[in-house]
Amino acid sequence: MICYLDCSQNDCCHNKGGSCCLGGVKVHHAGQSDAVCRSYRNNEAYANAATDNAPPSAETAVRCDDTGCRHNAAYRCRAPHVHIEESGCGPRCVSRIEK
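Per chain, residue numbering runs from 1 following the sequence as it is written. Given that this is a predicted model, residues contribute local features only at a pLDDT of at least 70 and side-chain atom pairs are listed and counted only at 80 or more, while totals for whole chains, interfaces and linings are drawn from all residues. Hydrogens and water are ignored here; the side-chain numbers use all heavy atoms of the structure.

1. A closer look at the pairing of strand 6 (residues 59-64)
Note the following rule: Pairing between two strands requires that DSSP report at least two bridges joining them. The numbering of helices and of strands both runs from the N terminus, where a helix is a DSSP run of H or I of at least 4 residues and a strand a run of E of at least 2.
With 3 bridges connecting them, strand 1 (residues 2-7) and strand 6 associate as antiparallel partners. Bridge pairing in strand 6 places tyrosine 4 opposite glutamate 59. Relative to strand 6, strand 4 (residues 24-29) runs parallel, the two sharing 4 bridges. By the bridge assignment for strand 6, valine 25 is matched with valine 62.

Following this line, the structure appears as structure tokens:
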């Protein structure tokens, strides 16, 4: 399933203008009610890797191991819109909804 993804984690090397250069991202259950983007790579550590990737796209496949999220179906996100934002625990999926 393809989701519309927007990301405000501006220090990620895969982020170009709020869209992701990866064809798919992985979201990981990180706590009681948190899920974070595991595809995040800090652009300081990885230089300009985004320039080597495919062009950014808002349509992205999202794999997720957060079985407590209502959007998870067999480790695929079926939310029509996924938003990743900066937070203290890492780039957090704010589209997560408890089952």
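We are not done yet, so read on.
2. Quick word on the pattern of salt bridges
Threshold: By salt bridge we mean one thing: a side-chain nitrogen of Lys or Arg within 4 Å of a carboxyl oxygen of Asp or Glu.
Per the stated rule, a full pass over the model turns up 3 salt bridges. Across the salt bridge formed by arginine 92 and glutamate 85, the nearest N and O atoms sit 3.1 Å from each other. By sharing partners, the salt bridges in this structure join Asp66, Arg96 and Glu98 into a single network.

3. What to know about the pairing of strand 1
Here 4 bridges tie strand 1 to strand 9 (residues 81-85), and the two strands are oriented parallel to one another. Within the sheet, the bridge partner assigned to aspartate 6 lies in strand 9 and is histidine 83.

4. Considering the nonpolar core
Short version of the rule: To form a nonpolar core, buried Ala, Val, Leu, Ile, Met, Phe, Trp, Tyr and Cys residues must be joined to one another through side-chain atoms within 4.5 Å. Partly exposed residues are those whose accessible area sits between 20% and 50% of the maximum for their type, while under 20% is buried and over 50% is exposed, using a 1.4 Å probe and protein chains only.
Core analysis: the largest hydrophobic core is formed by 15 residues, its most contacted members being Val62, Val82 and Ile84. Secondary structure elements with two or more residues in this core: strand 1, strand 4, strand 5 (35-37), strand 6 and strand 9. The element contributing the most residues to this core is strand 1, with 3 residues.

5. Concerning the confidence of the model for the protein
Applicable threshold: Every residue carries a pLDDT, the predictor's confidence in it, which falls somewhere between 0 and 100.
The predicted model of the protein has a mean per-residue pLDDT of 86, with 88% of residues at 70 or higher. Within the protein, no element has a lower average pLDDT than strand 1, which sits at 87, and none a higher one than strand 7 (residues 72-73), at 95.

6. Structural notes on the side chain of histidine 14
Short version of the rule: Pairs of N or O atoms within 3.5 Å make up the polar contacts considered here, provided that, within protein, one atom can donate a hydrogen while the other can accept it, and that residues adjacent in sequence are counted only when both atoms are side-chain atoms.
As for its placement among the helices and strands, histidine 14 is situated in the loop between strand 1 and strand 2 (15-16). Here serine 39 takes part through its backbone oxygen, which lies 3.4 Å from a polar atom of the side chain of histidine 14.

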